[in-house]
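# Structure at a glance
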Amino acid sequence: MARPTADIARLVPFYRDGLGFRVLAEFRDHDGFDGAVLGHPRAPWHLEFTRHPDHPPLPPSPENLLVFYLPDPEAHRAACARMEAAGHVPVPASNPYWDRSGRTYADPDGWRVVLAARAWTG
């Protein structure tokens, strides 16, 4: 996933300290873009946040969700505790399903991340 932000420095602690991701790469003035790439070193995915003065980010909807499924109850408790220890407070979900299935947190840009306390059943 890649998306723009106005302030990379505010986002990195949310995803690094709150969600436990690593900063995999950072770049400055790459064709006018600054950015940070976060994730897990061996995972087949990453999150990329970019900033460009000519491309301002749009505000998110409360239904813009990044959902992480954590079926192990202890892993879910630990993930929520890490988020809250980093200063992030759960927010009410727009769709009540997510309040029943886990906890929702808003990043500094207002984009929401759900820590779902269940398995993905596809």
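Residues numbered from 1 in each chain as written. Predicted model: local features only at pLDDT ≥ 70, side-chain atom pairs only at ≥ 80, totals over all residues. Heavy atoms only, no water.

### Considering the environment of proline 60
Locating proline 60 in the fold gives a position in the loop between strand S4 (47-51) and strand S5 (65-69). Here proline 60 is in contact with Asp109, Gly110 and Trp111, once residues within four sequence places are set aside. (Helix = DSSP H or I, 4+ residues; strand = E, 2+ residues; numbered from the N terminus. Contact = heavy atoms within 4.5 Å.)

### Comments concerning the pattern of salt bridges
Tallying each qualifying case throughout the model produces seven salt bridges. Of the charged contacts in the structure, one is a salt bridge between aspartate 17 and arginine 16, with a shortest N-O distance of 2.7 Å. Take aspartate 17: its relative accessible area is 36%, and that puts it in the partly exposed class. We classify arginine 16 as partly exposed; its relative accessible area is 35%. Arginine 51 is the salt-bridge partner of aspartate 34, the closest N and O atoms lying 3.0 Å from each other. On the criterion of sequence distance, the pair formed by aspartate 34 in strand S3 (residues 33-39) and arginine 51 in strand S4 is long-range, its members being 17 residues apart. (Salt bridge = Lys/Arg side-chain N within 4 Å of Asp/Glu carboxyl O. Buried < 20%, exposed > 50% of the residue type's maximum accessible area, 1.4 Å probe, protein only.)

What is shown is where atoms sit, not what they do.
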